[in-house]
Amino acid sequence: MLLEIKDINKSFGEKRVLTGVSFSVEGGRAFGLLGRNGAGKTTTIRILMNVFPSDSGQILLDGEPIDYKKIGIGYLPEERGLYPRKVIIDQLVYFAELKGMTRKDAVRAIDYWLERLGMTEYRSKRLETLSKGNQQKIQLVTALAHDPEIVILDEPFSGLDPVNAMLLKDVVREQIEKGKIVLFSSHQMSYIEEFCDAIAIINAGKVAISGSLFDIKRNYVRDRLVVSSRDTETIRADFADSVTELENGSLIIKLASPEEKPEVMRRLVENYDIDEVKVFEPSLNDIFVEYAGAQI
């Protein structure tokens, strides 16, 4: 499957919220939709989910306008959307039926996911009796029980302890392996970098950069080396003003040009006790700060 968001524009009154937003998401791959608060991510997601229409532009699936009657969308919101005083199984079945499932199929699917997430014991309890992390897992069941083709996860790891975060990672990987379209929206860059092959960063309602995360990183000027060594002080002295130190103790050596890379790497290996030397690549956090750090 290929999901295409093409030239989406949206205004609320006189306020322009989205301007020409375009990106594409492939099935079987995770995509990160990033941006600061107020950048336009939520509006984009709501248009994608058909909560309200765009002023112009298209949402295409495999080249055709998306048919919301035939395509299931699973949405895990950042803010909880369940009823705290209702019994968990009752409201899970209710939401599944809203998405077109029969009651019998809904119960079967929900029981599978409750067991998969280690939540069977809470089946007949009220939501408010659960911890924040367990409420997040119940919310996840509403997103996945109807086996949607498109899965949208907004801050999915919020409130989860390391064990439950690992469980959610396994579930997300399963959805990706099934060929589904998985879209992440998060400020936790480590998770985006771990899962997502491609990203789009929205800044002030416009796509500031999009595409393969690998290609985006490779397009940065490769004029810095990361060096791990026991001879840190000596290297700092010898390379003087071209050296900075990272928090982990590694050094960054700024080259006069990328063409110097082979010679400097050879010099380092021949003259110092080097554990590792490699070309510096920016982290996703570095890229996010560059493209979303200041509103356009």
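Note: the structure precedes this text.
Residues numbered from 1 in each chain as written. Predicted model: local features only at pLDDT ≥ 70, side-chain atom pairs only at ≥ 80, totals over all residues. Heavy atoms only, no water.

Caption draft 1: Representation of the environment of Phe280 in the model. In this structure, Phe280 sits in the loop between strand 14 (274-279) and helix 10 (284-292). A residue is classified by how much of its surface remains accessible, and Phe280, at 18% relative accessible area, is buried. Considered as a pair, Phe280 and Phe95 are 185 residues apart in the sequence and their alpha carbons are 48 Å apart. When sequence neighbours within four positions are dropped, the list of residues in contact with Phe280 reads Arg224, Leu225, Val226, Ile252 and Asp286. (Helix = DSSP H or I, 4+ residues; strand = E, 2+ residues; numbered from the N terminus. Buried < 20%, exposed > 50% of the residue type's maximum accessible area, 1.4 Å probe, protein only. Contact = heavy atoms within 4.5 Å.)

Caption draft 2: The arrangement of unusual backbone geometry in detail. Phi is positive for Asp7, close to 55°, though the residue is something other than glycine. Here Asp7 is to be found in strand 1 (residues 2-12). Take Asp7: its relative accessible area is 44%, and that puts it in the partly exposed class. A positive phi angle, near 50°, is found at Glu155, a position not held by glycine. Tracing the sequence through the fold places Glu155 in the loop between strand 7 (150-154) and helix 5 (162-177). Accessibility expressed as a relative area gives 8% for Glu155, which makes it buried.

Caption draft 3: A look at helix 8 (residues 232-239). Within helix 8, the full set of buried residues consists of Thr232, Ile235 and Phe239. Within helix 8, the buried residues cover an arc of 65° as seen down the axis, which keeps them to one side. Exposed residues on helix 8 whose side chains face more than 90 degrees from its buried face are Glu233 and Ala237. Residues of helix 8 that are buried in the fold lie against strand 11 (224-229), strand 12 (243-245), strand 13 (251-254), helix 9 (261-271) and strand 14. Of the residues flanking the end of helix 8, it is Ala240, one or two places downstream, whose phi is positive at about 50°. (Arc of directions from axis to C-beta.)

Caption draft 4: Examining the pairing of strand 8 (residues 181-185) more closely. In terms of residue burial, strand 8 counts as a mostly covered element, since five of its five residues are buried. A two-sided burial pattern is seen for strand 8, the buried positions comprising Ile181, Leu183 and Ser185 on one face and Val182 and Phe184 on the other. Here strand 3 (residues 30-34) pairs with strand 8 via three bridges, running parallel. Its bridge partner lying in strand 8, Ala30 is registered against Val182. Summarising the sheet, strand 7 and strand 8 pair through five bridges and their orientation is parallel. (Pairing = 2+ DSSP bridges.)

Caption draft 5: Spatial organisation of the sheet that holds strand 2 (residues 15-26). The four strands are arranged 2-1-4-5 in an open sheet whose pairing can be described as antiparallel. Unpaired on one side and paired on the other, strand 2 and strand 5 (64-65) mark the two borders of the sheet. Bridge analysis of strand 4 (residues 56-61) against strand 5 gives two bridges, and the strand direction is antiparallel. Across the sheet, residue Leu60 finds its bridge partner in strand 5, namely Pro65.

Caption draft 6: How the structure looks around helix 2 (residues 88-98). Considered for burial, the residues of helix 2 that qualify are Ile88, Ile89, Gln91, Leu92, Val93, Phe95 and Ala96. Gly100, located one to two residues past helix 2, shows a positive phi value of around 100°.

Caption draft 7: Up close: the sheet that holds strand 10 (residues 206-212). Ordered in space as 6-7-8-3-9-10, the six strands form an open sheet in which the pairing is mixed. Bordering the open sheet on either side are strand 6 (73-76) and strand 10, each of which pairs with just one other strand. Strand after strand, the sheet turns through a mean of 15° between neighbouring axes, direction not considered. Sheet topology note: the strand 9 (residues 196-203)/strand 10 ladder contains six bridges and is antiparallel. Directly across from Ile199, in strand 10, lies its bridge partner Gly211. The sheet strands contacting helix 1 (residues 41-48) are strand 3, strand 6, strand 7, strand 8 and strand 9, and the helix crosses strand 3 at an angle near 130°. Together, strand 3, strand 7 and strand 8 form the strand contacts of helix 5, whose direction differs from that of strand 8 by roughly 140°. (Axes fitted to C-alpha atoms, helices over the stretch in contact; angles between N-to-C directions.)

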